[in-house]
Amino acid sequence: MEIGKNITSLLEGLPSKVELVAVSKTKSSEEILEAYNAGQRKFGENKIQDMTRKYEILPKDIQWHMIGHVQSNKVKYMAPYVSLIHGVDSLKLLKEINKQAQKNNRIIDCLLQIHIAKEESKFGLSVRESQQAIKIAKELPHLRIKGLMGMATFTDDQKQIEREFAGLKSLYDQFIEQKIPLEVLSMGMSGDFLIAIEQGSNMIRVGSKIFGPRNY
Ligand SMILES: *Cc1c(COP(=O)(O)O)cnc(C)c1O
């Protein structure tokens, strides 16, 4: 794989307001460095242990994004350095992030993960739970809700993907209308980021299109 070239050509096609998170889960430090040398600074991982190991050995100006499901008891390992947590899906997790951020004397940026897919297997808050989470987060000074994240159903039905992303965008817009200062709408992966951008995404999380298929 020509990782650097993949990054460059991907960025060329993106509107300037759309940020790219290079999803490097399962990939080696060498592969991440290839992307880094092409100018990429935001990387996404879905396991705290892997992310922390990579954080320790790779350049310190990398911004590490946690994109996976987070267990509360592991927040402490990433609290010192994590740049953005995409998958916040419970009030318990919000409170734990706030607590660990306080211990590290910092404010941690988070996205609320909203359940938009038909699949039961995907994590995320309902609309009502997200409203509650935003209310509760106002009382948590070491945490900032910067936006929303969602994953569409894994399907060939483009119209369905489009509808799911449009639904998330409309929730995002509702919060903005209520003067909740959100900035980030994280939606879109290798297979569906073009649809996501059409529907208003401003942060895409792309793995295999940059690094090639993953071997688990
Ligand atoms: C793995 C993963 C991605 C990237 O998936 P690709 O299809 O390889 O681009 C994006 N978001 C989340 C939450 C993921 O777990």
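What counts and how
Throughout this document, residue positions are counted from 1 along each chain, in the order its sequence is written. Since the coordinates come from a predicted model, pLDDT governs what is reported: local features require at least 70, and pairs of side-chain atoms require 80 or more to be given and counted, while whole-chain, interface and lining totals use all residues. Each side-chain value is derived from all of the structure's non-hydrogen atoms; neither hydrogens nor water enter the calculation. Accessible area is worked out with a 1.4 Å probe on protein chains only. A residue is then buried under 20% of its type maximum, exposed over 50%, and partly exposed in between. The way it works is that DSSP assigns letters per residue, a run of H or I at least four long becomes a helix, a run of E at least two long becomes a strand, and they are numbered from the N terminus. Of all possible arcs, the one meant is that of the directions from the helix axis to the C-beta atoms. Note on aromatic contacts: the rings of Phe and Tyr and the six-membered ring of Trp form a pair at centre separations within 6.5 Å, being stacked when their planes are under 30 degrees apart, edge-to-face when over 60 apart, and tilted otherwise. The criterion is that NZ of a Lys, or CZ of an Arg, lies within 6 Å of the ring centre and within 35 degrees of the ring normal, and then a charge sits over that ring. In this analysis, two residues are considered to be in contact whenever any of their non-hydrogen atoms come within 4.5 Å of each other. Throughout, the term near means that a residue has one or more heavy atoms lying within 4 Å of the molecule or strand in question. We define a polar contact as two N or O atoms separated by no more than 3.5 Å, with the added condition that, inside protein, one atom must be a possible hydrogen donor and the other a possible acceptor, whereas residues neighbouring each other in sequence contribute only through side-chain atom pairs. Residue burial considers only the protein chains on display, and all accessible areas are found by Shrake-Rupley using a 1.4 Å probe.

## Here's the deal with helix H1 (residues 3-12)
- Those residues of H1 lying buried are Ile3, Gly4, Asn6, Ile7 and Leu10. In a view along the axis of H1, the buried residues occupy a sector of 160°, so they form one face of it. Opposite its buried face, H1 presents the exposed residues Lys5 and Glu12, each directed more than 90 degrees away.

## What to know about the packing of aromatic side chains
- Under the defined criterion, the tally for this structure stands at 2 aromatic pairs.
- Judged by centre distance (6.0 Å) and plane angle (40°), the rings of Phe43 and Trp64 are tilted. Remark: Trp64 occurs in strand E3 (residues 63-66) and Phe43 occurs in strand E2 (residues 42-45); sequence separation between them is 21 residues.
- Taking relative accessible area as the criterion, Phe43 reaches 0% and is therefore assigned buried.
- Classification of Trp64 as buried rests on a relative accessible area of 1%.
- A centroid spacing of 3.9 Å and a plane angle of 10° characterise the contact between Tyr55 and Tyr81, whose relative ring orientation is stacked. You can see Tyr55 sitting in helix H3 (residues 48-57) and its partner Tyr81 sitting in the loop between helix H4 (75-78) and strand E4 (84-88), a full 26 residues away along the chain.
- Classification of Tyr81 by relative accessible area gives buried; the value is 10%.
- Over the ring of Tyr36 we find Arg41; its NZ or CZ atom is 3.6 Å from the centre of that ring.

## Thoughts on H3
- For H3, every residue scored as buried is listed here: Ile48, Met51, Thr52 and Lys54. Viewed end-on, H3 has its buried residues packed into an arc of 165°, placing them on one side of the element. Exposed and facing more than 90 degrees away from the buried side of H3 are Gln49, Glu56 and Ile57.
- Those residues of H3 hidden inside the fold are in contact with helix H2 (29-37), E2, E3 and H4.

## Here we look at the site of the ligand
- Near the ligand the following residues occur: Val23, Lys25, Ile67, Met149, Met151, Met189, Ser190, Arg205, Val206, Gly207, Ser208 and Arg214.
- Note that an oxygen atom of the ligand is positioned 2.7 Å from one of the side-chain N or O atoms of Lys25.
- The contact in question runs from an oxygen atom of the ligand to an N or O atom on the backbone of Ser208, over 2.8 Å.
- Alone, the ligand offers 390 Å² of accessible surface; in the complex the protein occludes 89% of this.

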